[in-house]
Amino acid sequence: MQTPSIVLALLLLSLVLGLSTVLATKVNKHKPWIETSYRGLITENTEEVLLDPPLVALDKDAPIPYAGEICAFRVYGLDAPFEAVVLNRTSGEGQLQARRPIDCEHQREHTFIIQAHDCGAGPGGTGGKRSHKAVVHVQVGDVNEFSPVFSSLDYSGSVLEGRVYDSILQVQASDQDCSPQYSQICNYQITTEDTPFAIDRNGNIRNTESLSFDARAHYDISVTAFDCGQKQAKHSATVHIHIKPVCRPGWRGWTKRVDYEPGTGSKQLFPKMHLETCEEAVSSVRTTVELQTSHIGKGCDRETYSEKSLQKLCGASSGSTDLLPAPSAAFNWTASLLTDGGRDSDLIYRFDGRQAAKIPHWISPQNLTDQFTIATWMKHGPSPGLRGEKETLLCNSDKTEMNRHHYSLYVHNCRLVFLLRRDFTQGDSFRPAEFHWKLEQICDKEWHYYVINVEFPVVTLYVDGVTYDPYLVTDDWPIHSSKIDVQLTVGACWQGGEVSKARFTQHFRGSLSGLTLRPGKIESQKVISCLQACKEGLDITSLESLEKGIKFHFNPAQSVLVMEGEDLDQVNTALRKVSYINSRQFPTPGARRLHISTTVQCFGEDVCISIPDIEAVVMVMQPSEPRITITGAEQLNTPASDLAAGLSLFRDLHIVSTVTKSDRADHNTEHRSGVLEEMVHNLDYCDILVLGEELKGGLESLQLPRSALLGKHLDYTNSTTGMSIYGVDSLSHYVQVIRQVRFQSLQKGASVRSFRLTCSELNGRYTSNQFTLQVNVLHREKAVKHVSHLVAPPRYTPLIHQPIVATTGQSSGVANAVTIVIVVCITALVVMVVLGVYQLYLTHMQEDVDAHSYSEKHSDLDLSALTITVNPLESIEELQPAEELTEEEVEDEEEEEEEDDDVSSSESDSDEEEPTTASMQPQTKTLSKIQWPKPTALC
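Now for a quick tour of the structure. A quick note: this is a predicted structure, and the numbers were derived from the prediction, not measured.

1. Side note on the nonpolar core
Then, number 1: Ile-655, Leu-702, Ile-725 and Leu-757 are the most contacted members of the largest nonpolar core, which totals 57 residues.
Then, number 2: No other element matches helix 7 (residues 731–738), which puts five residues into this core.
Then, number 3: By size, the runner-up hydrophobic cluster in this structure holds 39 residues, among which are Tyr-349, Ile-363, Leu-488 and Leu-512.

Quick look at the structure:
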């Protein structure tokens, strides 16, 4: 029955809907309006698009709700990655944004259609209208996200030596960014430092200077690139540039550095060297090889022994006085002078115009005869000023009152002058007095050895073994004899008179070494050559294998070698045999420079091609340093009576030298740990120093028989402070001599004497350990009865090698200490006996309860049965007889003992041991129950 009502409802609903549609059509009359075209910009990897003009839709139906409102913007184009959203429905504002990340490198621009939709006539959006379609162009902004990349990481090019190129090769890099700003390469740069190459903005590489194949045949340089946003390439490109040689005459196959290991003898300098003449036919080749060692010691590597030791080694006559010795306790006048260089040059003294030294009177030769020799090493430069002052090396002048120069050696304006004024006692005629030499060596700032041989009136100068006669000799009158003392000086001249205050004058500026003066005899040519001989120099290996067409010549020092030949192959072979040699056991480490100059002659021409000079270096490596060790008895205990005849101090002395031998992987690695090996070399001095107070003259002395020095290059000096044995000789000879050094003492009351022994090699460059010997003097004491259970000590103990604690007290202090210990021990023993007797008494008291039995036991108790051994030295007076003896009593006791020669010390000892053995068996049965106190640790 409800069907008619349902049908009626449906009809009414249809009527309403139809009516609303008609009404809506009448309400939403207009379409939305937008611009006809838009241009937009979006940065890649962002969402918002900036549009010009802004996205705004207008509707004339406004302000009617829905009909005048904008509900949507639609984007047409399936590939357009954008969408538009409505920001304000009433105002119609919208926003264009990306639906996914935008990549400029994938697509730089986007074009699509956009259309606006209003909201219709009601909430359902029915009857909505659409605007016209507008075109949108969106451009994508680039981000510099990519680095430049080279097309290849390795480039190669080559140049001809001696030429400068505008472009050797070009490198190229690219960038994947989309914009011209970030995709273009704006700059290239060479990152390798100190290279003779440059690169432009287009990647063209050129050389900035001419290149040499000999200097460097190959270059590897790194190049990087920058885009216009200054983003740098992550990976640099490597450019290999090869230098092609142009045939130029010169030496090939040599190295700039040659390492020399000490002790390896002779080493070839250029084993693969050859001369390139570029197919030019040559008629002769002359080559000069020069070893430059002016900075090493005195011009080369010489042993730095004292001049006196060198004279003995070279066989020079005795009697020479060393005026510039190494500073020591005996030779102390050189202590204030400046030394030049390190420990290897301690004998070189530098004078700067302010230093001078007075030679002691006991050193200065007093009587120069018609024959004498002055020798010295000197390095000197030009004097300051146009007319330099006199620079005195050696001068003997009046000490006071007057200012007469008896003889002197000085430099004046690069001239060497020797002055010798004779006395009237040697003749009153006008005689030669000044001898002048003008030589280049005097002011060339190099070391030279000068020897002046005087055979009056003839004076000869030797410079490096070559003789020179004076170019000028002036005469003068002899000096009037006087009683004025003279003063010998080095480095200046002493002016003792004619001035208000005595002072030095005419100071020397330069370096001196080994200044000696020998009166009475001149030096031979052989000895002079030996004294200036060098330990290092050039050599030729396999000299006998040189071709006959090769001529060669060495200078006297073997520092310059000249070779000449007509056959090029023979010259090459000969030059490969040139070697460096250093015969020093411990050479001075460091560089020695080599200079090689060559002259080539062609057929029919004087000089056809030019050969560049060569500069190389011989590097002498650090030698293995020796360790000199002195061993022996460190203590001697001896009676005072034995010192009167003399005591051999170092009779079991040993001196050894060891080095650490190690392997080297190469010269640039450090030494590995090695093993000690004993080696043999020379010493140049050993000093025995008295520790504490000096020796008392007339009572104490160190002695060395002259026979100990026979057959050896040794000498010695002796004083109250010690003994110095010096001279270049072997370790064994030094040991033989030192073992014969004796110490004699007649002094009474002394108890301890200490001595220190040190030895040196190369003038202190290598020194030994400080070996200390202590002599303990035992004084004889009166015979004392010893405790029966102790063995009497011997008179003196044998040699002790182990070190002990040194005592500073005298023998009386030791006796007092012993006395105190004995008194304490005796007191403890007496207390033990009393306590034992008392304890025994108490025991008997407790056991005998019965009075009768107690009395019987008490009567049976005999204390005499206690056989107790007591030290007979009970009184303090008997413990100290030795301290109270006077000197007369000691002498009487010594005389009594000397008269009794039938009884030996061993017999007396055995006699004392017999009663001791008997008394060491006490009756212990009666004392078995006594609880004895424990003895003290002191007893």
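Right, picking up where we left off after that structure.
2. A look at helix 7
Then, number 1: For helix 7, every residue scored as buried is listed here: Leu-731, Tyr-734, Val-735, Val-737 and Ile-738. Looking down the long axis of helix 7, one finds its buried residues gathered within 165° of arc, a one-sided arrangement.
Then, number 2: For helix 7, the elements touching its buried residues are strand 48 (654–661), strand 50 (682–691), strand 53 (722–730) and strand 55 (752–761).

3. Focus on a negative patch on the surface
Then, number 1: Together, Glu-547, Glu-566, Asp-567 and Asp-569 give the surface a local cluster of negative charge.
Then, number 2: Tracing the backbone through its elements, the reader meets Asp-567 in the loop between strand 41 (560–565) and helix 5 (568–576).

4. Side note on the state of the cysteines
Then, number 1: Inspection of the entire model under this criterion finds nine disulfides.
Then, number 2: Paired by a disulfide, Cys-186 and Cys-228 hold their sulfur atoms 1.7 Å apart. Between Cys-186 and Cys-228, the disulfide has an S-S torsion of 75° and is therefore right-handed. With Cys-186 in strand 12 (residues 185–190) and Cys-228 in the loop between strand 15 (218–227) and strand 16 (237–244), this residue pair connects regions lying 42 residues apart in the sequence.
Then, number 3: Owing to a relative accessible area of 18%, Cys-186 belongs among the buried residues under this scheme.
Then, number 4: Cys-228 gets classed as partly exposed once you look at its relative accessible area, which sits at 23%.

5. Quick look at the pattern of salt bridges
Then, number 1: Inspection of every chain in the model, using the stated rule, returns 15 salt bridges.
Then, number 2: The partner of Arg-584 in a salt bridge is Asp-301, and the shortest N-O contact between them spans 2.7 Å. Of this pair, Arg-584 sits in the loop between strand 42 (578–582) and strand 43 (590–602) while Asp-301 is found in the loop between strand 21 (282–292) and helix 3 (307–313), placing the two residues 283 residues apart along the sequence.
Then, number 3: Between Glu-536 and Arg-592 there is a salt bridge, and its shortest N-O distance comes to 3.0 Å. On the criterion of sequence distance, the pair formed by Glu-536 in strand 39 (residues 536–540) and Arg-592 in strand 43 is long-range, its members being 56 residues apart.

6. Focus on the pairing of strand 40 (residues 551–554)
Then, number 1: Pairing geometry for strand 40 and strand 41, over four bridges, is antiparallel. Within strand 41, the residue paired with Phe-552 across the bridge is Met-563.
Then, number 2: In sequence, strand 40 turns back onto strand 41 through a hairpin of five residues, with Gln-558 there showing a positive phi of about 55°.

Conventions we followed
- Residues numbered from 1 in each chain as written.
- Predicted model: local features only at pLDDT ≥ 70, side-chain atom pairs only at ≥ 80, totals over all residues.
- Heavy atoms only, no water.
- Core = buried A, V, L, I, M, F, W, Y, C linked by side-chain atoms within 4.5 Å.
- Buried < 20%, exposed > 50% of the residue type's maximum accessible area, 1.4 Å probe, protein only.
- Helix = DSSP H or I, 4+ residues; strand = E, 2+ residues; numbered from the N terminus.
- Arc of directions from axis to C-beta.
- Contact = heavy atoms within 4.5 Å.
- Patch = residues over 30% accessible without salt bridge, like charges linked within 9 Å, V, L, I, M, F, W, Y side chains within 5 Å.
- Areas by Shrake-Rupley, 256 points an atom, 1.4 Å probe, with all protein chains shown as cover.
- Salt bridge = Lys/Arg side-chain N within 4 Å of Asp/Glu carboxyl O.
- Lys, Arg positive; Asp, Glu negative; His and termini not counted.
- Charge placed at Lys NZ, Arg CZ, Asp CG, Glu CD.
- Disulfide = S-S within 2.5 Å.
- Pairing = 2+ DSSP bridges.

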